[in-house]
Amino acid sequence: MIFVKHATLLSDTLARDRLGEEAFVARIGVIGAGAFGTALACVMRRSGHETAIWAREPEVAAAINRDSVNPLFLRGIRLPAGIVATNDMGAAAQADFLLLAPPAQHMRGVITQLRAFVKDGVPLVSCSKGIERGSCAFMSQVISETLPAAPLAVLSGPSFAHDIAVDLPAGVTLACKDAALAERLAAAIGTPRFRVYLSEDLVGVHLGGVMKNVLAIACGIAMGKKLGESARATLFARGLAEMTRLGLALGARLETFLGLSGAGDLALSCNSAASRNTSLGIALGEGRKLQDILRERVTVQEGVHSAEAVAELARRHGVGMPIAAAVDDMLNHGCGVDEAIGRLLARRPGQESVTGA
């Protein structure tokens with residue numbers, strides 16, 4: 001057993017010192033060894049938990065176990081000792097709870113594989129910021145369709161993988177319908193430098209993580225086209241209104257979009273060229289072709305996949321989302337950057353309202 005083998009690496013006393021008298025050492029499985037999954041494994045291990053991470057790539061698992069590094073997805077960062085990587089999903093799944101961090105478009109396939117290994121009652125925490133193309137399903141919906149009895153939570157918020165991997169402070173939102181489970185998960189996941197705030201709004205927390213990627217591409221394009229900081233601030237504010245408008249149509253709560261998983265994550269992504277989606281937008285604004293940009297990158301830019309699904313959700317619910325629609329047009333329907341910008345600027349300004357387009 002992968003956890004039993006490494007059970008003595010950190011003692012209960014150290015975990016209690018880190019997490020408080022009521023804390024416990026949990027066995028935590030992280031499914032997905034991309035940048036964010038690896039960073040979450042760092043947080044869990046520093047908290048004293050037994051931490052196993054499942055990697056699809058054999059070379060990633062080997063590097064983590066041998067050198068405590070993930071050179072493919074999180075270069076230049078030394079991982080805490082004791083993170084155990086494996087290509088055996090069943091071994092990583094023998095945990096007290098699982099953090100699910102595959103790329104969003106792979107979530108259904110991963111969950112289908114995972115179904116054979118997950119024990120009844122083991123909580124699943126969705127950590128992937130994306131929406132499934134075609135079905136327009138959020139990750140919690142994808143998970144519930146495959147594992148309907150599994151307790152479920154959603155983790156999202158402003159948290160670059162690099163920052164949390166090197167233990168810089170960050171705050172995130174954990175959404176869960178079961179208040180008692182939410183408290184237990186927050187106690188296990190949270191640290192003084194990885195602050196976890198609770199919500200019951202799964203839809204709103206999901207949507208914030210999806211929309212910030214789409215809007216980061218828009219802000220990146222404005223940066224690449226050198227349209228100025230005022231234009232980017234306008235995109236940020238009107239994009240937040242679009243996010244909120246769609247969220248309310250889907251039954252989310254207004255306050256969610258003013259919090260960490262809404263405005264917080266949007267501010268992080270749209271104001272930093274370190275964001276994968278923002279940097280992609282910058283390259284598009286500078287005149288590069290989408291396929292050329294993607295061909296050079298190992299990591300996934302979720303906004304590329306999410307733009308189409310967001311635009312489709314807006315159409316289904318009759319919600320005006322001109323910025324999201326423009327990004328979808330540029331990425332998926334052959335619209336040129338200058339043409340899309342021209343269309344947005346030609347729109348007649350209306351009343352500034354969450355409910356108006």
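Residues numbered from 1 in each chain as written. Predicted model: local features only at pLDDT ≥ 70, side-chain atom pairs only at ≥ 80, totals over all residues. Heavy atoms only, no water.

Description of the pattern of salt bridges
Here comes step 1: A complete count under the given rule lists 16 salt bridges for this structure.
Here comes step 2: Asp 167 is the partner of Arg 193 in a salt bridge, and the nearest nitrogen-oxygen pair spans 3.7 Å. Note that Arg 193 is positioned in the loop between helix H9 (179-189) and strand E8 (194-199) and Asp 167 in the loop between helix H8 (161-165) and strand E7 (170-175), a separation of 26 residues in sequence.
Here comes step 3: Look at Asp 167 and you get partly exposed, because its relative accessible area is 28%.
Here comes step 4: A salt bridge links Arg 343 to Asp 329; its shortest N-O distance comes to 3.4 Å. Taken as a pair, Arg 343 in helix H17 (residues 337-346) and Asp 329 in helix H16 (residues 322-332) lie far apart in primary sequence, 14 residues in all. (Salt bridge = Lys/Arg side-chain N within 4 Å of Asp/Glu carboxyl O. Helix = DSSP H or I, 4+ residues; strand = E, 2+ residues; numbered from the N terminus. Buried < 20%, exposed > 50% of the residue type's maximum accessible area, 1.4 Å probe, protein only.)

Examining the sheet that holds strand E5 (residues 124-126)
Here comes step 1: Spatial strand order, E3-E2-E1-E4-E5-E6-E7-E8: eight strands in an open sheet with mixed pairing. The open sheet terminates on both sides in strands that have one partner only, identified here as strand E3 (84-86) and E8. Strand-to-strand twist across the sheet, computed as the mean angle between neighbouring axes with direction ignored, equals 25°.
Here comes step 2: Of the pairings in the sheet, the one linking strand E1 (residues 27-31) to strand E4 (residues 97-100) comprises four bridges and is parallel in character. Bridge pairing links Gly 29 to Leu 98 in E4.
Here comes step 3: Against the sheet, helix H4 (residues 58-67) contacts strand E2 (50-54) and E3, and its axis sits at roughly 160° relative to E3.
Here comes step 4: Sitting on the sheet, helix H6 (residues 107-114) is in contact with E1, E2, E4 and E5, with an inclination near 155° to E4. (Pairing = 2+ DSSP bridges. Axes fitted to C-alpha atoms, helices over the stretch in contact; angles between N-to-C directions. Contact = heavy atoms within 4.5 Å.)

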